[in-house]
Amino acid sequence: MGIDWKRYKPAQHFDELISSPGNARAPARRLVSYLASLNQEELDARRQTAEATIQQMGITFTVYTDEGNIDRAWPFDIIPRVISAKQWKKTADGLAQRLRALNLFIDDLYHDQKILKDGVVPAHIILDSKNFRQECVGVSPPLGVWAHICGTDLVRDKDGEFYVLEDNLRVPSGVSYMLENREITKRVLPEFFESDRILPIDEYPSKLFDTLVSLSPRRVKHPEIVVLTPGIFNSAYFEHAYLAQQMGAELVEGRDLVVGDDDCVYMKTIEGLERVDVIYRRIDDLFLDPEVFKKDSMLGVPGLVRAWKKGKVALANAPGAGVADDKVVYAFVPEIIKYYLDEDPILPNVETYLCEDEKQRNYVLANLDKLVVKPANESGGYGMLVGPHSTKRERDTFAELIKKNPRNYIGQPTLSLSTAPTLFENANVEPRHLDLRPFILQGEDTYVTTGGLTRVAMQKGSLVVNSSQGGGSKDTWIVDTEGKA
Amino acid sequence: MLSTVAERLYWAARYLERVENTARLVKVYTNLILDLPDGVNVGWYNLVELNSCTETFEKRYKNQTERNVVKFLLADDFNFNSMMSALNAVRENIRTSRDEMPVETWEQINELHLYVKNNVQKAISRSNRHEFLDGVIQGSQQVNGLLSGTMSQDAGWEFLRLGRNLERADMTTRILDAGIAAILQESSTSEPAANFTQIVWGNVLSSLSAYVPYRKAMRTSVKGEEVTRFLIEDTYFPRSMLFCLNHMQDASSKLPRHDKVVKQIAKLSKQALKEVDHTRRDQSFRDYINDLQIGIADLHWCYAETWFPEQA
């Protein structure tokens, strides 16, 4: 016996592959019927292929525990998520629009602050934000772009529409897993890649490379690009090494770099010092330069911000870009898009209540059991209250936190995240919640990945997709169904 | 190539060599002790002295017993020259420079690491020690074989060669010194047993896998002066001092900014070949060996200064 799709019940959520028991959505039809044709043994064999591939390619992520850091194999589900090319086109346009507007916004904040003067975004929200960096005021990075690499989290609600949950403009991670997921799936379900209906995704490293090259302060044929990592103990080290290798760039740590008297950045090689043009940094702002930010940072490079301000080196993303991924700023993104681009937002936001506004705060406090409450500046799903799954005590704690520091909290309705079939033992498929993180690049051109990283909450009923908290992942197919049978 | 990457490759090779050398040393010493006549005053503690770890040892153990010494040399995390520590260091260095090496290197190092971790306790008693140590030597040679068979011979390769040969030259001089020390010690305390010196030199050769090459090259029985000459001057045997120096000369000449290094290696080679009376068994000969050891240590600093990141 193989998969029995009639027994698969997506409940009241939007399911990515199955519209009603036994019926597949159009882009997934071929996949769903093919999976049903495999018996249990064949399915097990495919799952084993996936596991073996992950081991062989050494795809790991690091989990911090009391006993030290552990490299875990990447949890992966072999059933891809399928999205039609038509729907993706619209989503990608929306993502590009969003990043263009956010970059104009950041550049404005560090120069004339027109948007604050015009009262579209309340000035104190920005000026009180711990992510607004005084050190960046007046700096003009190449092309006026601050956030070159953005990872935006999307969720699908009951209506099947994509909503933006948050933008990550600092050091978003996950793109290497998106690429590796495809490599695994090519080995697990090779029969599907013979036709060209699944759009390829492997151009990302070269697009990233082009984006970085376009920022080079020196107009030379081969600018020196490096990936700056905090080191082997960082949970995303695998990704740093992977991207450096794929781009043919050097993977460096802070101690490999030095800023010279001429304010240029150099890396220490066996030939001597070699000038660096562009740094794709995977270190947080605060650790970048002990001369400017955290004085005791061992990860950064003294003088780096000075070199950047003088235009001798490009930093991607630029310091200070995080001011725009604050969850309070998020609530204003639709207005920001209208203000700078004079366009209607293509992608909707999730409805958001700002606790700093008294009326909205009272609503949040009265409905803590129904809402999701998030701190403005955390990532990775930490410090959150998921109302419907919370205890009275947790709600009381959060009520106190909100009253103490209203600026730092927002409330959102609990979304009914979409689900997709996930394969378990004995050919058993069950719905699991998921989100999607596409990656958007902006340099000379704007580029959006074809699909993105789909993260899956592997626990039944769970909404937490973060890999640090038990999430898994699956391949994302953008399928072109038009003009072809 | 980044200076840090060069340094990691160099240390990976050094530590891998150290793992193998430690295995050889313990193996040979186990044999030596069995061969020695009763009442001969050579103890296990010599191995600790030879590795310049006496201070660390004193902090850990009261008694200089075979069990403690072997445990200290093979399994002790506290001793960062132990086989286990050296293997951990190999692994850490390779983990952060995997891209510079054939992909299988990482897997093989992991296998060796697992083997040592799971079996090292067995080696503390004599009965399983041989088998375990042979496994380690084989594992390390397998990695070196993999590298010479599949690794691109670019700058990274040259740094591996530098590390491997420096560690070898260092170990050869240490073993020579230990041999001489054992003989001096024994002759000062009592009438040496008839075949004592021969047993010691035979084991010095064995510990470097040099017994047969020695017999072939020198065409003579095992004599102290010939053994020292062979282990220092022979240019064909891969663990003789001069052979290692020649290989480092060759490796460094292929790397950028090598002038100072090349000169310093040439100077050390000259020093090794200077007229020394190899029949003398007294402090002056130990001084000669000691100077070579200092020369090797200086060579390391010369590499570090030329190619590696400055120390913070």
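**Description of the overall build of chain B**
(1) Moving on: Within chain B, the secondary structure is distributed over 14 helices and 0 strands.
(2) Moving on: Over its C-alpha atoms chain B spans a radius of gyration of 19 Å, differing by no more than 12% from the 20 Å that the globule rule assigns to 312 residues.
(3) Moving on: Once the C-alpha set of chain B is aligned to its principal axes, its extents read approximately 60 × 45 × 40 Å.
(4) Moving on: Counting the 312 residues in chain B, one finds 56% classified as buried.
(5) Moving on: The contacts of chain B with a sequence gap of at least 6 include a subset with a gap of at least 24, amounting to 65%.
(6) Moving on: Carbon and sulfur atoms provide 47% of the accessible area of chain B, an area that totals close to 13900 Å².
(7) Moving on: Here chain B contributes 37 positively and 40 negatively charged side chains, and the mean placements of these two sets differ by 2 Å.

**Some words on the sheet that holds strand β11 (residues 265-269) of chain A**
Residues and elements named next belong to chain A.
(1) Moving on: If you walk across this open sheet you meet the 3 strands as β10-β11-β12, and the pairing is antiparallel. A single partner strand is all that each edge strand has here, and the edge strands are β10 (257-259) and β12 (272-276). Within the sheet, the average angular offset between the axes of one strand and its neighbour, ignoring direction, is 40°.

**Re empty space enclosed by the protein**
Residue and element names in this part refer to chain B.
(1) Moving on: Evaluation of the coordinates by the stated rule reveals 3 cavities of 30 Å³ or more.
(2) Moving on: Here the largest cavity is characterised by a volume of approximately 170 Å³.
(3) Moving on: Lining the largest cavity are 16 residues, and of these Tyr 29, Leu 32, Ala 178, Gly 179 and Val 204 lie nearest its centre.
(4) Moving on: Within the lining of the largest cavity, the residues separate by chemical class into 12 nonpolar, 4 polar and no charged.

**Overview of the pattern of salt bridges**
(1) Moving on: Under the criterion given, the structure shown has 46 salt bridges over all chains.
(2) Moving on: Residue Glu 310 of chain B pairs with Lys 268 of chain A through a salt bridge whose shortest N-O separation is 3.6 Å. Taken together, the positions of Glu 310 of chain B in the segment after α14 (283-307) and Lys 268 of chain A in strand β11 put the pair across two chains.
(3) Moving on: The class of Glu 310 of chain B is exposed, set by a relative accessible area of 55%.
(4) Moving on: Residue class for Lys 268 of chain A comes out buried when judged on its relative accessible area of 14%.
(5) Moving on: With a shortest N-O distance of 3.3 Å, Asp 250 of chain B and Lys 254 of chain B are connected by a salt bridge.
(6) Moving on: For Asp 250 of chain B, a relative accessible area of 30% gives the class partly exposed.
(7) Moving on: Look at the salt bridges and you will find they share partners, linking Glu 17, Glu 20, Arg 24, Arg 168 and Arg 239 of chain B into a network.

**Overview of the confidence of the model for chain B**
(1) Moving on: Scored by pLDDT, chain B comes out at a mean of 89, with 96% of its residues at no less than 70.
(2) Moving on: Reported confidence for the predicted complex is 0.80 by ipTM and 0.84 by pTM.

**Looking at the pairing of strand β16 (residues 371-375) of chain A**
Residue and element names in this part refer to chain A.
(1) Moving on: With 5 of 5 residues buried, β16 lies mostly within the body of the structure.
(2) Moving on: Burial of β16 is two-sided: the residues Leu 371, Val 373 and Pro 375 facing one way and the residues Val 372 and Lys 374 facing the other way are all buried.
(3) Moving on: Pairing of β16 with strand β18 (residues 409-413) involves 5 bridges; the strand directions are antiparallel. Following the sheet pairing, Val 372 is matched in β18 by Gln 412.

Cut-offs and rules
Residues numbered from 1 in each chain as written. Chains lettered and ligands numbered in written order. Predicted model: local features only at pLDDT ≥ 70, side-chain atom pairs only at ≥ 80, totals over all residues. Heavy atoms only, no water. Helix = DSSP H or I, 4+ residues; strand = E, 2+ residues; numbered from the N terminus. Rg over C-alpha atoms; globule rule 2.2 N^0.38 Å. Buried < 20%, exposed > 50% of the residue type's maximum accessible area, 1.4 Å probe, protein only. Contact = heavy atoms within 4.5 Å. Areas by Shrake-Rupley, 256 points an atom, 1.4 Å probe, with all protein chains shown as cover. Lys, Arg positive; Asp, Glu negative; His and termini not counted. Charge placed at Lys NZ, Arg CZ, Asp CG, Glu CD. Pairing = 2+ DSSP bridges. Axes fitted to C-alpha atoms, helices over the stretch in contact; angles between N-to-C directions. 1 Å grid on protein atoms, 1.4 Å probe; cavity = no way out; pocket = protein on both sides within 12 Å on 5 of 7 lines; lining within 4 Å. Points joined across faces, edges and corners; volume = space filled by probe spheres on them. Nonpolar A, V, L, I, M, F, W, Y, C, P; charged D, E, K, R; others polar. Salt bridge = Lys/Arg side-chain N within 4 Å of Asp/Glu carboxyl O. pLDDT = per-residue confidence, 0-100.

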